[in-house]
Structures are given as structure tokens and as C-alpha cells.
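Topology and contacts: notes
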Amino acid sequence: MKIRIFLISLMLFFTEIKVILASESGTVIMYHRFGETEYPSTNIKVNDFIKHLEFLKVEKFNVLPLSRLVSFFENDKPLPDKSVFITIDDGYKSVYEIAYPILKEYNFPFSIFISTDKVSENNNSSYMSWDMIKELSENNVSIENHTSDHSRANKISSERFIEVVNKADRIISSKLGKKSKVFSFPYGESSLHKEKIIKDLGFSIAFSQHSSHIFKEENKFRLPRFAFNEEFGKIERFKMIMHSKPLKVFDILPLDSLINDSKPLVIGFSTTYPLNSINCYNSMNLKMNLERIKPDRIELRFHEEIYADRIRINCTFVNNKKEIYWYGRMLNR
């Protein structure tokens, strides 16, 4: 009898551990165009896209709607292991004509972030019509807010930002009878101030466009996504990303994503992973010093001017099993 009780207790213990581990993280992936090879920076080749979905199916990833990610943050509802969320920005017509039939065949849920001013009834437009969007919405595709005019949040006033977000919200609600609870910052560009506006407007979560996995302690109004296009959409990279795990960090500085031009850029974070095995890279190939400050601190110091509107930083740890742990962030003007 005692052995039986012990075995039951052991099973419950491991079940609890599994739930805790399952609740820790998820991965959001992002696309824009499909089969539009004249736009390689935002397009994914159809064959590559199919390979991505087939890999998710064969490897038994849990492809979930964004509503589950909202519940993860708002209701503390655990995510199953290997959780993946498919998002598509901008609402190009190739989503309806190419991606949708393929995703429907795989029975994978997905979400589209649309800028409502871009929606067009013109047959020659590269954007979807409201009839197309409505059909998607009626078939369990979530349609979410991407502003009305695709404004860069940090390039416009707070008043104007509220205006373009609310306009998109009103139009989506009137056309589809559903209110968007999720926001995507155009170009992934945000700031603490603009993120607070999104929170105050009643959104549950919001996305940026930097490469990283999601874990519970994230700023839920600046969530990361892995973007795929022609250059970075090959199946080998997709597999590597999907097999990687979150590099959990804390004491992140700067908290804001806005670049401060008045002083050299310094990015810092603490982590429990071995410092000597962490390496970091930046999207502009600028020279930077990587300082490993014991016991747990990484600091990146840039000595060159950040001349672009945004810069992405990726840091990875590879353990002795060749497993990759990934942390990324983006800073912008």
C-alpha cells in the first residue's frame, strides 16, 4: 500500500513538473507575403512555407490561436509543450489566395494584423478586400489591429497614435462584429509610452518584430516574433529556431526600446546561464564590446553610431548537448 501511494505521489510530482515546464514558454512566428518574389525582404517562397508547416505537423508542435496566448498572460493558463502561434502582418492578398488554403489544409489556426486603410476593393490592389477578410474571420482566423494607416508609432504624436489605433478598432468591429484584443506595432517599433497607450486602450497583448521566444516574465506589450522571408526562411533555419529554447533574462536595461542618441548605447541583462558560453550579435554588424560581469551579468557597449532607425540584438547560449537558448531585443527611434 505504501509503495502504491509513493508511486502515485511520484506520478503527480512529475505531472506537476510537466505543467510548470509547459507553462513557461511559446514561440510566435511571423510572415508577410507569400509567393510574391518581387518583394524578397517580406516574401516567403511557397515551397519554403509548406516545408515549415509540414515540419510543425511531423514534429507534433501545438499550433494554437492567439487567444491561448492571451489566456497564458491574463489567466495564467499553462501552454502545452511545443506551443507555436502563426501571425501574418499587413493583410496582403497573397494571404487569402495562397497562405489560407494551405493553412486550412493543415488545419492550423492563424492571425492576421491589418491596417484598415490598406484594405481595398480594387482587383489590382495587392491587399485583401473586406469580403476576403470576412471569409477568413468566419473560418476561425483572428483579425487583429495594426493601426489604420501603418504609422510608425514613434514617428507620430500620442494623440495621432491613439487616433489611428482607435480608427482601426472601430472599422474591424463594424465590419466583422468582433473586437481586436491583440495589437501589432508596425515595423515592430514601440516605446514604453506607446506600449502604455496600447494597454490603456484595452488590448491584452502586443507584438514587436524581434527574434526571441516568449516566456512568462516578458513585457506582454512588446512580445517577440521570429520573422521569415526569402533570405531567412530556409527550412534549416526554421528547424534550428523551432528546436531552440528561450534564454531567460532579468534586470534588463534599458527598459525602453527607444534609442537615446545623447549617450553611447549600452544594453545589459542578467541570466542564470553560464556567461562564458553566451555570445551576442547585432543586425548592423557594428563593433561592440561584450562584457561578462560575474556572477550573472552581460553588458553590450556600442562605440559606433546607430545610424539606422532600428537595430536588433540576438544573444545565444549553446549547451554541451548543442541545444540553443535564444534571447533577442530591438531598439528603435
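Please read all numbers here as calculations on a predicted model, not as lab measurements.

Tyr31 and Leu56 are the most contacted members of the largest nonpolar core, which totals 40 residues. Broken down by element, the residue count for this core peaks at six residues, all from helix H4 (residues 93–106). Leave out the neighbours within four places in its chain, and Leu56 touches Ile29, Phe61, Val63, Val84, Phe108, Phe238 and Met242. Val249, Tyr273, Cys280 and Phe302 belong to the second largest nonpolar core, which has 24 residues in total.

Here the focus is the sheet that holds strand S12 (residues 245–246). In space, the four strands of this open sheet follow the order S12-S19-S18-S15, with mixed pairing throughout. The strands lining the two open edges of the sheet, one partner per strand, are S12 and strand S15 (278–282). Inspection of the sheet shows S12 paired to strand S19 (residues 324–332) by two bridges, in the parallel sense. Opposite Lys245, over in S19, you have Tyr325 as the bridge partner.

A contiguous nonpolar patch, built from Leu192, Leu253 and Leu255 and spanning about 280 Å² of accessible area, is present on the exposed surface. Within the element layout of this structure, Leu253 appears in strand S13 (residues 250–253). We classify Leu253 as partly exposed; its relative accessible area is 48%.

Below, the discussion takes up the confidence of the model for the protein. Interpretation of this model should avoid reading the predicted coordinates in detail wherever pLDDT is low. With 93% of its residues at a pLDDT of at least 70, the protein reaches an overall mean of 92. Scored below 50 in pLDDT, residues 1–22 makes four contacts in the model with residues more than four places away or belonging to other chains.

This model, assessed by the stated rule, comprises 22 aromatic pairs. Within the aromatic cluster, the residues linked to one another by ring pairs are Tyr31, Phe34, Phe49, Phe55, Phe61, Phe228 and Phe238. Here the basic side chain of Arg33 rests over the ring of Tyr92, its NZ or CZ set 3.7 Å away from the ring centre. A cation sits over an aromatic face here: Lys216 above Phe72, 4.4 Å from the ring centre.

This paragraph deals with H4. Residues three or four positions apart in an α-helix share a direction because the helix packs 3.6 residues into each turn. In this model, H4 (14 residues) spans 20 Å end to end at C-alpha, consistent with the 20 Å of a helix rising 1.5 Å per residue. Considering bend angle alone, the principal kink of H4 is centred on Ala99 and spans about 45°; proline Pro101 follows within four residues of it. Looking at the buried side of H4, the elements it contacts are strand S2 (33–34), helix H2 (46–58), strand S5 (83–90), strand S6 (111–114) and helix H5 (130–137). Phi turns positive one or two residues past the end of H4, at Asn107, with a value near 60°.

Conventions we followed
- Residues numbered from 1 in each chain as written.
- Predicted model: local features only at pLDDT ≥ 70, side-chain atom pairs only at ≥ 80, totals over all residues.
- Heavy atoms only, no water.
- Core = buried A, V, L, I, M, F, W, Y, C linked by side-chain atoms within 4.5 Å.
- Buried < 20%, exposed > 50% of the residue type's maximum accessible area, 1.4 Å probe, protein only.
- Helix = DSSP H or I, 4+ residues; strand = E, 2+ residues; numbered from the N terminus.
- Contact = heavy atoms within 4.5 Å.
- Pairing = 2+ DSSP bridges.
- Patch = residues over 30% accessible without salt bridge, like charges linked within 9 Å, V, L, I, M, F, W, Y side chains within 5 Å.
- Areas by Shrake-Rupley, 256 points an atom, 1.4 Å probe, with all protein chains shown as cover.
- Salt bridge = Lys/Arg side-chain N within 4 Å of Asp/Glu carboxyl O.
- pLDDT = per-residue confidence, 0-100.
- Phe/Tyr/Trp six-rings, centres within 6.5 Å; stacked < 30°, edge-to-face > 60°.
- Lys NZ or Arg CZ within 6 Å of the ring centre and 35° of its normal.
- Expected span 1.5 Å × (residues − 1).
- Bend = angle between axes of the 7 residues up to and from the residue.

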